[in-house]
Amino acid sequence: MIDRIQQPLRRFAREESGATLVEFAMVFGVFIFLVFGVIDFARFGFAHVMAEKATERAVRFAAVSPALCTGLPETNTRASGSISSSLYPNGTICSADGGICADPGTASCRAQDSNATAAAIWARVSPLLPNTATIENLEFSYSYDPALGRLGAPYTPVVTAQLADLQFDFISPLGALAGFAARRDDTGLGASFTFSGLSASLPAEDLR
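Residues numbered from 1 in each chain as written. Predicted model: local features only at pLDDT ≥ 70, side-chain atom pairs only at ≥ 80, totals over all residues. Heavy atoms only, no water.

Undergrad: Looking at this structure, how should I read the nonpolar core?
TA: One recurring pattern in soluble globular proteins: nonpolar side chains tend to sit buried together. Membership of the largest hydrophobic core comes to 33 residues, with the highest contact counts inside it found for Leu-68, Ile-121, Val-125, Leu-129, Leu-138 and Phe-140. Elements represented by at least two residues in this core include exactly α2 (19-63), β1 (107-110), α3 (116-125), β2 (138-143) and β3 (158-163). Considering each element in turn, this core owes the most residues, seven residues, to α2. Those residues in contact with Phe-140 that lie beyond four places of it in its chain are Ala-58, Ala-62, Leu-68, Cys-69, Ala-107, Ser-108, Cys-109, Ala-111, Ile-121, Thr-160 and Ala-161. Tyr-88, Ile-100, Leu-151 and Tyr-155 belong to the second largest nonpolar core, which has seven residues in total. (Core = buried A, V, L, I, M, F, W, Y, C linked by side-chain atoms within 4.5 Å. Buried < 20%, exposed > 50% of the residue type's maximum accessible area, 1.4 Å probe, protein only. Helix = DSSP H or I, 4+ residues; strand = E, 2+ residues; numbered from the N terminus. Contact = heavy atoms within 4.5 Å.)

Undergrad: Hey, could you run me through the state of the cysteines in this one?
TA: Each disulfide consists of a covalent bond between the sulfur atoms of two cysteine residues. The full count for this structure, using the stated rule, is two disulfides. A sulfur-sulfur distance of 2.0 Å marks the disulfide that ties Cys-69 to Cys-109. Sign of the S-S torsion, about -90° for the bond between Cys-69 and Cys-109, identifies this disulfide as left-handed. Separated by 40 residues along the polypeptide, Cys-69 in the loop between α2 and β1 and Cys-109 in strand β1 bring together distant segments of the chain. Cys-109 carries the same exposure label as Cys-69, and that label is buried. In this model, Cys-94 is linked to Cys-101 through a disulfide, with the two sulfur atoms separated by 2.0 Å. Negative torsions about the S-S bond denote left-handed disulfides, and the value of about -80° found for Cys-94 with Cys-101 makes this one left-handed. Residue classification places Cys-94 among the buried residues on the basis of a relative accessible area of 3%. Here the cysteine-cysteine linkages of the protein chain are recorded as 1-4, 2-3, numbering only bonded cysteines and doing so in sequence order. (Disulfide = S-S within 2.5 Å.)

Undergrad: How do you make sense of the sheet that holds β1 when you look at a structure like this?
TA: Working definition: the strands of a sheet are paired by backbone hydrogen bonds and lie parallel or antiparallel to each other. Ordered by their spatial adjacency, four strands build an open sheet running β1-β2-β3-β6, and the pairing between neighbours is antiparallel. At either margin of the open sheet sits one strand with a lone partner, and together these are β1 and β6 (199-203). The mean inter-strand angle of the sheet, taken between neighbouring strand axes irrespective of direction, is 15°. Alignment of β1 against β2, held across four bridges, turns out to be antiparallel. Looking across to β2, one finds that Arg-110 is bridged to Glu-139. (Pairing = 2+ DSSP bridges. Axes fitted to C-alpha atoms, helices over the stretch in contact; angles between N-to-C directions.)

Undergrad: Please clarify how the packing of aromatic side chains should be interpreted in this entry.
TA: In the structure shown here, the tally under the stated rule is three aromatic pairs. Relative to Phe-195, the ring of Phe-44 lies with its centre 5.4 Å away and its plane at 0°, an arrangement referred to as stacked. Highlighted residues: Phe-44 in helix α2 and Phe-195 in the loop between β5 (192-194) and β6, separated in sequence by 151 residues. Judged on exposure class, the residue Phe-44 and its partner Phe-195 are both buried. An aromatic cluster of three or more residues is present, and its members are Phe-44, Phe-168 and Phe-195. (Phe/Tyr/Trp six-rings, centres within 6.5 Å; stacked < 30°, edge-to-face > 60°.)

As structure tokens, this is what we get:
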């Protein structure tokens, strides 16, 4: 009786007719993951390069256009408590001495469809960006640099264009692995990944 039970078990243990199919299924799964991983990595690299080009194109256009943000001064004004006007009259470069020109700080804003300049910039850069991008992903900032201006002359800040909160959608588990490495919660299949550090700066030009 025991032999009748053991003999089929021994035959089953020695049977290798389905081993090839099992091995193929295991290898095929890894192969598909690698193929889609390579495709996703190539897509991500291409999207990152094109996004960098988009920021460069956006800042070049913004540097010669009216400011998109509000609150910027029209001219470089004299700093309160600065050296007398007889020593540093209008036309003196702001970096000639400390505290000649007033520092208005940095003004930042997101692009909006209602702004004609922002809409024109978006029309130029949107073909370079992933289809998940919107005009609100464009952020501009205007910061003071004493080496760029003269007292009483038009205010010429440093213009920075940045892609904020721009996401890239993966089609493979690479997005989930990237999210897991970043300790994020959205680590499902095809998870998105947020670009970071995409910005470009240029000194503004006064066209008046």
